[in-house]
Amino acid sequence: IALPGSPWSTEFMDAYDAALCDAAPVIIGVNRSNPGTAAEAIARYLGSAAFVELAPATQGMRRAILERLREEHGDKRIRKLDQEGIARLIGKRRPWAQRNWLKTLRGLVAFCLSERLIDADPTATVKLARVKDTGGFPIWPLAAIEQYRAYHLLGSRSRLALELLYGTMAARGDMVRLGGLTYAIDPNAA
């Protein structure tokens, strides 16, 4: 679309805004997919507001699952997606992965229902494997912490890791994100 006037002028910006409103959204991958296939539905879902509004970490996890699904089953008809197929698809995964796959598939199915790509929700009655409760990790008594401190002197990486975790009461995953534990384990990682 030709835009008149110089950039940032009123005339230019009015034409620019009009062009944005008239332009159809570009959905990446749709032209490379056969209509009605899972690959087309996934491409449309990835370009939809329902997907874009998710948190970046959720988008990354779900995109990885959907790309794997598209690679393995993209040529199949989305209308033929049924409960048995979903149960087989997620049944071979571990319990926590099953939950991630099912959440991702439910998002895709909700989009497909709203776009009338499918008629019914095949994820509605899917059962998941039970997750074993491991009870977590045992908590160190104060005597064990003092014994650790006596063995690992101040200035050692092991002591730094303990003091960072104990002093902040952050979870190990949070400490890694903060960067402290990575440095405590590998000083060259900073």
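Right above here is the structure, for reference.
Quick look at the structure, then. Just so you know, these numbers come straight off a predicted model, no measurement behind them. As a convention, each chain's residues are numbered from 1 in the sequence order in which they are written. Totals for whole chains, interfaces and linings use every residue, but because this is a predicted model, local features are given only for residues with pLDDT of at least 70 and side-chain atom pairs only at 80 or more, for both listing and counting. Each side-chain value is worked out from all heavy atoms of the structure, with water and hydrogens disregarded.

Moving on, we come to unusual backbone geometry. Of note in the backbone geometry, Trp 8 takes a positive phi value of approximately 75° without being a glycine. Only DSSP runs of H or I reaching four residues or more are called helices, and only runs of E reaching two or more are called strands; each is numbered from the N terminus. Within the secondary structure, Trp 8 is located in the segment before α1 (10-22). Classification of Trp 8 as exposed rests on a relative accessible area of 72%. Backbone geometry at Met 169 places phi at a positive 60°, although glycine is not the residue there. Here Met 169 is to be found in the loop between α8 (157-168) and α9 (172-178). With a 1.4 Å probe rolled over the protein chains alone, any residue whose accessible area is under 20% of its type maximum counts as buried; one over 50% counts as exposed, and the rest are partly exposed.

Attention now goes to helix α5 (residues 83-91). Taken together, the buried positions of α5 are Gly 85, Ile 86, Leu 89 and Ile 90. Buried residues in α5, looked at end-on, bunch into an arc of 115°, giving them a common side. The exposed residues of α5 that point more than 90 degrees off its buried face are Glu 84 and Arg 88. Only heavy atoms matter for contacts: two residues are in contact if any of them lie within 4.5 Å across the pair. Looking at the packing, one finds that the buried side of α5 touches α4 (56-73) and α6 (95-114). Summarising the geometry, the arc corresponds to the directions from the helix axis toward the C-beta atoms.

Moving on, we come to the pattern of salt bridges. Any carboxyl oxygen of Asp or Glu that lies within 4 Å of a side-chain nitrogen of Lys or Arg is treated as forming a salt bridge with it. Throughout the structure, instances matching the rule amount to 8 salt bridges. One salt bridge in this structure joins Glu 115 and Arg 44, with 2.6 Å as the shortest N-O distance. With Glu 115 in the loop between α6 and α7 (142-151) and Arg 44 in helix α2 (residues 38-46), this pair connects stretches of sequence that are 71 residues apart. Judged by relative accessible area, Glu 115 falls into the partly exposed class, the value being 37%. In this structure, Arg 68 engages Glu 72 in a salt bridge whose closest nitrogen and oxygen atoms are separated by 3.3 Å. Residue Arg 68 and its partner Glu 72 are located together in helix α4, separated by 4 residues, close to a single helical turn.

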